[in-house]
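# Analysis of the macromolecular model
This is what each chain is made of:
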Amino acid sequence: MNKIILEILSSPGCVHCAEFKKYWESVKAQFPNVEMREIDLTSDKGQEMVSKHMIMASPGVIINGELFSTGGVNKEKFEAKLKELSVS
């Protein structure tokens, strides 16, 4: 299984961020090869990533350095992407 880096750019008090983190907790056992890193949008690294990926809404979801989504996540597409990357 390929190692996958999942980066979540979130901001304090963000409802969608909290929802995504709760969802991730419910599915992460299916993806033991995924390392999740949470990055605060207000940090220097967070601001750098916001600029680089043109993130306009949180959470920003970045998979292996590529922007997957902002502001919300299509769960079916997200899981399909992780499965695809796990075996490719």
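Each remark here, short or long, concerns the structure printed above.
Residues numbered from 1 in each chain as written. Predicted model: local features only at pLDDT ≥ 70, side-chain atom pairs only at ≥ 80, totals over all residues. Heavy atoms only, no water.

### Remarks on the overall build of the protein chain
What the protein chain contains, in helices and strands, is 3 helices and 4 strands. N-terminal to C-terminal, the α/β element order of the protein chain is β-α-β-α-β-β-α. Rg of the C-alpha trace for the protein chain: 12 Å, near the compact-globule value of 12 Å for 88 residues, within the 12% margin. Each of the three principal axes of the protein chain carries a C-alpha extent, and together these read 35 × 25 × 20 Å. Looking at the protein chain residue by residue over its 88 residues, the buried ones come to 40%. Across the protein chain, every contact between residues at least 6 apart in sequence was considered, and the portion connecting residues at least 24 apart equals 64%. Counting every atom, the protein chain has about 5,200 Å² of accessible surface; 52% of that belongs to carbon and sulfur. Computed over 11 positive and 12 negative side-chain charges, the inter-centroid distance for the protein chain is 4 Å. (Helix = DSSP H or I, 4+ residues; strand = E, 2+ residues; numbered from the N terminus. Rg over C-alpha atoms; globule rule 2.2 N^0.38 Å. Buried < 20%, exposed > 50% of the residue type's maximum accessible area, 1.4 Å probe, protein only. Contact = heavy atoms within 4.5 Å. Areas by Shrake-Rupley, 256 points an atom, 1.4 Å probe, with all protein chains shown as cover. Lys, Arg positive; Asp, Glu negative; His and termini not counted. Charge placed at Lys NZ, Arg CZ, Asp CG, Glu CD.)

### As for the packing of helix H1 (residues 15-27) against helix H3 (residues 75-87)
Where H1 meets H3, the closest approach of the two axes is 13 Å, and the angle between their N-to-C directions is 50°. On the basis of their axis angle, the class for H1 and H3 is oblique. In the crossing of H1 with H3, the sense of the turn from one axis to the other is right-handed. Between H1 and H3, the residues in contact are Phe20, Tyr23, Trp24 and Val27 and Lys75, Phe78, Glu79 and Leu82, respectively. Taken together, the residues of the contact of H1 with H3 break down into 6 nonpolar, no polar and 2 charged. (Axes fitted to C-alpha atoms, helices over the stretch in contact; angles between N-to-C directions. Parallel < 35°, antiparallel > 145°, perpendicular 65-115°, else oblique. Left-handed = near helix turned anticlockwise from the far one by under 90°. Nonpolar A, V, L, I, M, F, W, Y, C, P; charged D, E, K, R; others polar.)

### With respect to the pattern of salt bridges
Inspection of the entire model under this criterion finds 4 salt bridges. Across the salt bridge formed by glutamate 35 and lysine 3, the nearest N and O atoms sit 3.1 Å from each other. Residue glutamate 35 is found in strand S2 (residues 34-40), and its partner lysine 3 is found in the segment before strand S1 (4-10); the two are separated by 32 residues along the sequence. The residue lysine 21 makes a salt bridge to glutamate 38 at a minimum N-O spacing of 2.7 Å. Placement of the pair is lysine 21 in helix H1 and glutamate 38 in strand S2, with a sequence separation of 17 residues. Within the structure, one salt-bridge network assembled from shared partners comprises Lys3, Glu35 and Arg37. (Salt bridge = Lys/Arg side-chain N within 4 Å of Asp/Glu carboxyl O.)

### A look at the packing of aromatic side chains
Tallying each qualifying case throughout the model produces 6 aromatic pairs. Centre to centre, the rings of phenylalanine 20 and phenylalanine 78 are 5.4 Å apart; their planes meet at 85°, and the pair counts as edge-to-face. Separated by 58 residues along the polypeptide, phenylalanine 20 in helix H1 and phenylalanine 78 in helix H3 bring together distant segments of the chain. Judged by its relative accessible area of 4%, phenylalanine 20 is buried. (Phe/Tyr/Trp six-rings, centres within 6.5 Å; stacked < 30°, edge-to-face > 60°.)

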